[in-house]
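Architecture and fold: a report
So you can see what is in the structure, the chains are spelled out below.
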Amino acid sequence: MNMERYWDITAQVCALIRIGITGFWFGRFTEPYLDGKRKAWAAGLAYVAMMFAVYFVPWEMDGIIAYGMGVLASLAAMCLCDRRNYAQKLFLAMLMYLLNAITGSLAIIPIDILFEKIIYLPFVQQNLWRQFGCFAAIEIVYVILTFFTMKALVRMINRIYVHKRENMQAKELALMLATPFLALTGYLIFLYFSNVWLGTFGTYIWNVYSQYMLIRALYQMVSYGAILTTIVLYQSIKGSHRKEKESAVLAEQMADMKRHIGQMEAVYSDIRGLKHDMGNHVLTLEALLDKKEHRDAEVYLSGLKEQLYKIEEEMKTGNPVTDVILAEKQKEARERGIDFVCDFHYPEGTGVNAFDVSIILNNALDNAMEAAGSCESPFIHIKSWRQRNVYMIEVRNSFTGKLVTDKDSGLPESAKGGSGHGFGLKNMRKVAGRYHGDIDVRQEGNGFVLTVMMMLE
């Protein structure tokens, strides 16, 4: 085997390793945005498989087209494995292409410097094996630089891209693609200019103007900075929208609270009215009995007992607000055929605000009602207990499917656009946090369990 063959094999092996490194980091890049590691690795492997196939085709293919085919294969794998948020996946695919281009432009600069400084040394030029050894060492350094450069670029984007599971709308996609598209256009112009130079003068432009590669690398760095800035602005917009939605949900809950208070006032009014009319009720019953109209007396007494039972049923937790909330949820559960069991007790004599507890109850029971409504044997069980200065609320409900947890928030997701139970669980966590507590969610067989812990004063 002649020496050129050794050089060719070394170059090919290192090129294939770099493809593998790119596929690896594409998998790590897409993992936070997809549902599970397997789907992310499928995206990375799709890129590697396509690039390997392109690399070994019998005819020469332009690098721009080859890398584009690899990224498209990765995009197809993402869309097939995770059928949601296609706009975001298209944006991620564009970033993949640019990450590969930027990594190559940055990593090649020190390699060119090393090559010029080492390979042309008289000591190296005197021996072909020394030349090959230096070339192999430089190729290995290129592989290492590719790995760590792409690692840094990927981690930076994933760090600033906070709302990874938020749906990207078509208008947002157009906004987000503008900067990467301009960066890609500039990159293609650089490649076109170098190809024209090669076709005209028969040599690479960087062999004549060494600063060309530095200028291209600086352009790639500026482009990368512009992309990061665009992502930061986008995340800021999404954060503002999230806060607006949370405020709207909170306002709706406050309106519900006022309605519950109004209902409770109505109950108290009934109590006062019943107390005021008690004497008249007694006189009416006595008159019916004196006339020996027992049947009418029984009917009258039955209606009176029904009113008393209704009032008693509304008041059973130790707080009028939670009384109304639970009575309303119990009524809704009965209407929907859901078995509702309540053993809830309000922590009287503590610093716990009834409004805070109402937020927890409303959100927890709304989520439970939604999940249990689609089950064959629906149930909701709520209980609370106090142990020294710890107050616990537990809600169990029937649940079908598999619980998927968001890595960023630690809260579960659902089929409703990937936001779990909307802002309900996040609001409950905020309330628990005010009392130095937290919430816990878990799946137990065909049941969903939510536990809220609050520290009492």
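These notes cover the structure that comes with them.

The residue Thr30 is located in helix H1 (residues 3–30) in this model. Not counting chain neighbours up to four residues away, the residues in contact with Thr30 comprise Ala40, Ala43, Met78 and Met96.

This part covers the pattern of salt bridges. If charged atoms from side chains of opposite charge come close, those side chains can pair. For the structure shown, the criterion picks out 14 salt bridges. Glu172 is paired through a salt bridge with Lys238; the nearest N and O atoms lie 3.5 Å apart. In this pair, Glu172 sits in helix H7 (residues 170–201) while Lys238 sits in helix H9 (residues 211–276), placing the two residues 66 residues apart along the sequence. For the salt bridge of Arg396 with Glu444, the shortest nitrogen-to-oxygen distance reads 2.9 Å. With a gap of 48 residues between them, Arg396 in strand S3 (residues 390–398) and Glu444 in strand S6 (residues 438–444) connect regions that are remote in the sequence. Residue classification places Glu444 among the partly exposed positions, given a relative accessible area of 36%.

Within the element layout of this structure, Phe340 appears in strand S1 (residues 339–343). With 41 residues separating them along the chain, Phe340 and His381 place their C-alpha atoms 5.9 Å apart. Apart from the residues lying within four places of it in its own chain, the contact partners of Phe340 are Leu326, Lys329, Gln330, Ala333, Leu365, Ile380 and Ile382.

At a closest axis distance of 10 Å, the pairing of helix H4 (residues 86–118) and H7 adopts a crossing angle of 20°. Classed by the angle they form, the pair H4 and H7 counts as roughly parallel. Seen from above, H4 lies across H7 with left-handed handedness. Along the contact surface, H4 presents Ala87, Leu90, Phe91, Met94, Leu95, Tyr97, Leu98 and Ala101, while H7 presents Leu173, Met176, Leu177, Pro180, Ala183, Leu184 and Tyr187. Class assignment of the residues belonging to the contact of H4 with H7 gives a composition of 15 nonpolar, no polar and no charged.

This model, assessed by the stated rule, comprises one cavity of 30 Å³ or more. Roughly 50 Å³ of internal volume is contained in the largest cavity. Looking at the largest cavity, the residues that line it are Ala364, Asn367, Ala368, Val395, Asn397, Leu425, Phe448 and Leu450. For the lining of the largest cavity, the elements supplying multiple residues, two or more each, are helix H13 (354–372), S3 and strand S7 (447–455).

Counting across every chain of the model gives 21 aromatic pairs. Ring geometry for Tyr33 against Tyr161: centres 5.1 Å apart, planes inclined by 80°, an arrangement best described as edge-to-face. With Tyr33 in the loop between H1 and helix H2 (37–55) and Tyr161 in the loop between helix H6 (128–160) and H7, this pair connects stretches of sequence that are 128 residues apart. Of the two residues, Tyr33 and Tyr161, neither departs from the other in class, the shared state being buried. Here a set of aromatic residues connected by ring pairs shows up, and it is made of Phe24, Trp25, Trp41, Phe147 and Phe148.

Moving on, we come to the pairing of S1. Pairing of S1 with strand S2 (residues 379–387) involves five bridges; the strand directions are parallel. For Cys342, the partnering residue across the bridge sits in S2 and is Ile382. Between the parallel elements S1 and S2, the chain passes through H13 in a crossover that is left-handed.

Ordered in space as S1-S2-S3-S7-S6, the five strands form an open sheet in which the pairing is mixed. Edge positions in the sheet fall to S1 and S6, since each has one partner strand and no second. Looking at each pair of strands side by side, their axes are set apart by 15° on average, direction ignored. Across seven bridges, the pairing between S6 and S7 is antiparallel. When the sheet's bridge partners are listed, Arg442 is paired in S7 with Val449. Across the sheet, helix H12 (residues 320–335) touches S1 and S2, and the angle it forms with S1 is around 160°. H13 contacts S1, S2, S3 and S7 of the sheet and is inclined by roughly 20° relative to S3.

About the cut-offs
Residues numbered from 1 in each chain as written. Predicted model: local features only at pLDDT ≥ 70, side-chain atom pairs only at ≥ 80, totals over all residues. Heavy atoms only, no water. Helix = DSSP H or I, 4+ residues; strand = E, 2+ residues; numbered from the N terminus. Contact = heavy atoms within 4.5 Å. Salt bridge = Lys/Arg side-chain N within 4 Å of Asp/Glu carboxyl O. Buried < 20%, exposed > 50% of the residue type's maximum accessible area, 1.4 Å probe, protein only. Axes fitted to C-alpha atoms, helices over the stretch in contact; angles between N-to-C directions. Parallel < 35°, antiparallel > 145°, perpendicular 65-115°, else oblique. Left-handed = near helix turned anticlockwise from the far one by under 90°. Nonpolar A, V, L, I, M, F, W, Y, C, P; charged D, E, K, R; others polar. 1 Å grid on protein atoms, 1.4 Å probe; cavity = no way out; pocket = protein on both sides within 12 Å on 5 of 7 lines; lining within 4 Å. Points joined across faces, edges and corners; volume = space filled by probe spheres on them. Phe/Tyr/Trp six-rings, centres within 6.5 Å; stacked < 30°, edge-to-face > 60°. Pairing = 2+ DSSP bridges. Right-handed = clockwise from strand over helix to strand, strands pointing away.

Shape is all these values report; function is a separate question.
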